[in-house]
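If you want the building blocks of each chain, they are given just below.
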Amino acid sequence: MKIWLDGKLVDESEAKISVFDHGVLYGDGVFEGIRFYNGRVFRLEEHVRRLFDSSRAIILDLPWTQEEVCRFTCETVAANGLTDGYIRLVVTRGAGELGLNPYLCPKPTMFIIASSIKLYPDEHYQNGLSIITCATRRPAPGALMPQVKSLNYLNNIMAKVEAIQANALEAVMLNEQGYVAECTGDNLFLIKNGELHTPLISDGALDGITRGVIIELARDLGVPVIERSLTRYDIFTADECFLTGTAAEVIPVVALDRRVIGSGKPGPFTGRFLDAFHKLALSTGTPVS
Ligand code: PMP
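Residues numbered from 1 in each chain as written. Predicted model: local features only at pLDDT ≥ 70, side-chain atom pairs only at ≥ 80, totals over all residues. Heavy atoms only, no water.

Considering the overall build of the chain
Argument step 1. The helix and strand inventory of the chain stands at eight helices and 16 strands.
Argument step 2. By residue count, 50% of the 289 residues in the chain fall in the buried class.
Argument step 3. Restricting to contacts in the chain with at least 6 residues of sequence separation, those with at least 24 account for 71%.
Argument step 4. As displayed, the chain has an accessible area near 13500 Å², and 54% of this comes from carbon and sulfur atoms. (Helix = DSSP H or I, 4+ residues; strand = E, 2+ residues; numbered from the N terminus. Buried < 20%, exposed > 50% of the residue type's maximum accessible area, 1.4 Å probe, protein only. Contact = heavy atoms within 4.5 Å. Areas by Shrake-Rupley, 256 points an atom, 1.4 Å probe, with all protein chains shown as cover.)

Notes on the packing of aromatic side chains
Argument step 1. Counting across every chain of the model gives seven aromatic pairs.
Argument step 2. Seen from their ring centres, tryptophan 4 and phenylalanine 72 are 4.6 Å apart, and the 25° between their planes marks the pair as stacked. Here tryptophan 4 is found in strand E1 (residues 2-5), whereas its partner phenylalanine 72 is found in helix H3 (residues 66-79), with 68 residues between them in sequence.
Argument step 3. We classify tryptophan 4 as buried; its relative accessible area is 2%. (Phe/Tyr/Trp six-rings, centres within 6.5 Å; stacked < 30°, edge-to-face > 60°.)

Regarding the site of the ligand
Argument step 1. Near the ligand, the surroundings consist of 16 residues, among which Lys149, Tyr153, Glu182, Thr210 and Thr246 are the closest.
Argument step 2. In the model, an oxygen atom of the ligand is placed 2.6 Å from a nitrogen or oxygen of the threonine 210 side chain.
Argument step 3. Contact with the protein chains hides 93% of the accessible area of the ligand, taken as 390 Å² for the molecule alone.
Argument step 4. Broken down by secondary-structure element, the contributors of at least two residues to the shell around the ligand are helix H6 (209-221) and strand E13 (240-245). (Near = heavy atom within 4 Å. Polar contact = N/O pair within 3.5 Å; in protein donor to acceptor, adjacent residues only side chain to side chain.)

Observations concerning empty space enclosed by the protein
Argument step 1. One pass over the structure, following the stated rule, counts three cavities of 30 Å³ or more.
Argument step 2. Space inside the largest cavity adds up to approximately 130 Å³.
Argument step 3. Lining the largest cavity are 15 residues, with Arg138, Leu144, Pro146, Val148 and Asn152 positioned closest to its centre.
Argument step 4. Taken together, the residues of the lining of the largest cavity sort by class into seven nonpolar, five polar and three charged. (1 Å grid on protein atoms, 1.4 Å probe; cavity = no way out; pocket = protein on both sides within 12 Å on 5 of 7 lines; lining within 4 Å. Points joined across faces, edges and corners; volume = space filled by probe spheres on them. Nonpolar A, V, L, I, M, F, W, Y, C, P; charged D, E, K, R; others polar.)

Quick notes on the domain arrangement of the chain
Argument step 1. Domain boundaries assigned for the chain yield domain 1 (2-115) and domain 2 (122-283).
Argument step 2. The partner domain 2 presents 22 residues to the 26 residues of domain 1 that form the contact.
Argument step 3. Of the roughly 1900 Å² buried where domain 1 meets domain 2, counting both sides, 60% is carbon and sulfur surface.
Argument step 4. On the domain 1 side of the contact with domain 2, Phe31, Phe42 and Arg50 bury the most area, a combined 31% of that side's loss.
Argument step 5. The tally of links between domain 1 and domain 2 comes to two salt bridges.
Argument step 6. Where arginine 35 meets glutamate 249, a salt bridge forms, and the shortest distance between an N and an O atom there is 3.1 Å.
Argument step 7. The interface formed by domain 1 and domain 2 holds 11 residue pairs in polar contact (both at pLDDT 80 or more) in total.
Argument step 8. Mapped onto the side of domain 1 that touches domain 2, the elements with two or more residues apiece are helix H1 (22-26), strand E3 (29-37), helix H2 (44-57) and strand E5 (85-92).
Argument step 9. Per-element tally for the side of domain 1 that touches domain 2: the top contributor is E3, with eight residues. (Domains from an automatic or database assignment. Buried area = accessible area lost by both parts, 1.4 Å probe. Salt bridge = Lys/Arg side-chain N within 4 Å of Asp/Glu carboxyl O.)

Description of the sheet that holds E5
Argument step 1. Taken in spatial order, the seven strands make up an open sheet running E2-E1-E6-E5-E3-E4-E16, and their pairing is antiparallel. The sheet is open, and its two edges are formed by strand E2 (8-11) and strand E16 (286-287), each paired on a single side.
Argument step 2. Across two bridges, the pairing between E1 and strand E6 (residues 109-115) is antiparallel. Among the inter-strand pairings, leucine 5 is bridged to a residue of E6, identified as phenylalanine 111. (Pairing = 2+ DSSP bridges.)

Description of unusual backbone geometry
Argument step 1. Phi is positive for arginine 43, close to 55°, though the residue is something other than glycine.
Argument step 2. Within the secondary structure, arginine 43 is located in the loop between strand E4 (40-41) and H2.
Argument step 3. Taking the relative accessible area as the measure of exposure, arginine 43 reaches 16% and is therefore buried.
Argument step 4. Backbone geometry at isoleucine 59 places phi at a positive 55°, although glycine is not the residue there.
Argument step 5. Within the element layout of this structure, isoleucine 59 appears in the loop between H2 and H3.
Argument step 6. Since its relative accessible area comes to 55%, isoleucine 59 is described here as exposed.

Right, dumping it as structure tokens:
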């Protein structure tokens, strides 16, 4: 496998970064997860824009343009001869001193991995997921800006551990006020009375690219979109629930904390969003070469 690292495509065995890199020492950095289908990268420009916004928000100056980063990403996919898979694009603060001071890290490190992806088993798309509410909270926006896709994933990892220990694949994370923020690696949507509801970004959700696509598709499908504060009550009483993310795409949820949502089966709105999403993902995107 060829990895793009600091301007060069190198063999996987040579793709190494410094132990003084603040990405390793402090989780000081940002990243993106991106999909490509049929030799085309889905929403590449949007992902790279979010990467640059995340970097900007943490005062991490990138010495490349967005166009260059898009090009490097496509080159990495092409160099590995892949047509379908998943890209991990990571920018760290770079190597510096042992102290926190990011100004002592002269040059960011960037690497790009293009690989295959392990999806949720197909039965979960057919029958829906049973998920839990976890005790681990999303950090308050004043502590960690929810829009920044940073390398600080420890709280999501702890939430994921709770899900695994409860035999679930995902967990709903609440914010400090008790409102639903999102899941450990996915955004959450509800259908109620023919309307689409999703938590506000200010309640602690990542501004997911797939979330944005679903909101666009809802407008095309004539489904009203309501971004508002949601509680577990709203999930328990919803007609349908589904999650979205680059890796998961659109996946139905049929139970929360062992309580059945709606009919207990993936609903018709979820099916329409799933189909519309697949159609779009398979027919659009930036060609890799
Ligand atoms: N929330 C979190 C915490 C995530 O890690 C992800 C996946 N990157 C998402 C939501 C979904 O975002 P996207 O649609 O951009 O992949």
